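Letter by letter, the chains look like this.
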Amino acid sequence: QAQLVESGGGLVQAGGSLRLSCAASGRAFVFSNYAMGWFRQAPGKEREFVAAISRIDSTAYADSAKGRFTISRNNAVNTVYLQMSRLKPEDTAVYYCAADPIFNPKRPASAYDYWGQGTQVTVSS
């Protein structure tokens, strides 16, 4: 089984920046064979797609993230990142990373095989 552990969340003022990390591990988990995604979930809302990155660094973003967030990966250390800038109060949510053998931004959250526990991002106005 794969284990994904997010870090980097916290409290930030509107307009500020945060960098989230997700470290992956597991005996049979080959990080480089998976597309990786970031999702977020605010209280009372559905989990929503934020960004994804393929095995060969193709990227996709939700409209709400495009131009402000950047997803990247470092296969040497089995880690995917989400750099967030110009944060808004509506970005407040628990952010989750997830692994999927297929890179397709149209796939729902349920298509992803592995999930982390999430990291809280709170943006104050």
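Before any of the text, the structure's been laid out above.
Residues numbered from 1 in each chain as written. Predicted model: local features only at pLDDT ≥ 70, side-chain atom pairs only at ≥ 80, totals over all residues. Heavy atoms only, no water.

Undergrad: Which residues make up the state of the cysteines, and what are the values?
TA: Going through the model one piece at a time under the given rule, you end up with 1 disulfide. Residue pairing for cysteine 22: its cysteine sulfur links by disulfide to cysteine 97, the two sulfurs lying 1.8 Å apart. Sign of the S-S torsion, about 50° for the bond between cysteine 22 and cysteine 97, identifies this disulfide as right-handed. With cysteine 22 in strand 3 (residues 18–25) and cysteine 97 in strand 9 (residues 93–100), this residue pair connects regions lying 75 residues apart in the sequence. An identical accessibility class is assigned to cysteine 22 and cysteine 97; each is buried. (Disulfide = S-S within 2.5 Å. Helix = DSSP H or I, 4+ residues; strand = E, 2+ residues; numbered from the N terminus. Buried < 20%, exposed > 50% of the residue type's maximum accessible area, 1.4 Å probe, protein only.)

Undergrad: Now, about the sheet that holds strand 3: what can you tell me, with residues and values included?
TA: The antiparallel open sheet is built from 4 strands, whose spatial order is 1-3-8-7. Two strands bound the open sheet, and with one partner strand each, they are strand 1 (3–7) and strand 7 (69–74). Here the average twist between neighbouring strands, direction ignored, is 15°. (Pairing = 2+ DSSP bridges. Axes fitted to C-alpha atoms, helices over the stretch in contact; angles between N-to-C directions.)

Undergrad: Tell me about the pairing of strand 9, and please be specific about residues and values.
TA: A regular strand carries its side chains on alternate faces of the sheet. The buried count for strand 9 comes to 7 of 8 residues, which makes it a mostly enclosed element. Two strands pair when backbone bridges link them, and strand 4 (residues 35–41) and strand 9 are joined in this way by 7 bridges, in the antiparallel orientation. Residue glycine 37 lies in a different strand from strand 9, and its bridge partner there is alanine 98. By the bridge criterion, 2 bridges tie strand 9 to strand 10 (residues 114–115) in an arrangement that is antiparallel. From the neighbouring strand, alanine 98 faces strand 10, where its bridge partner is tryptophan 115.

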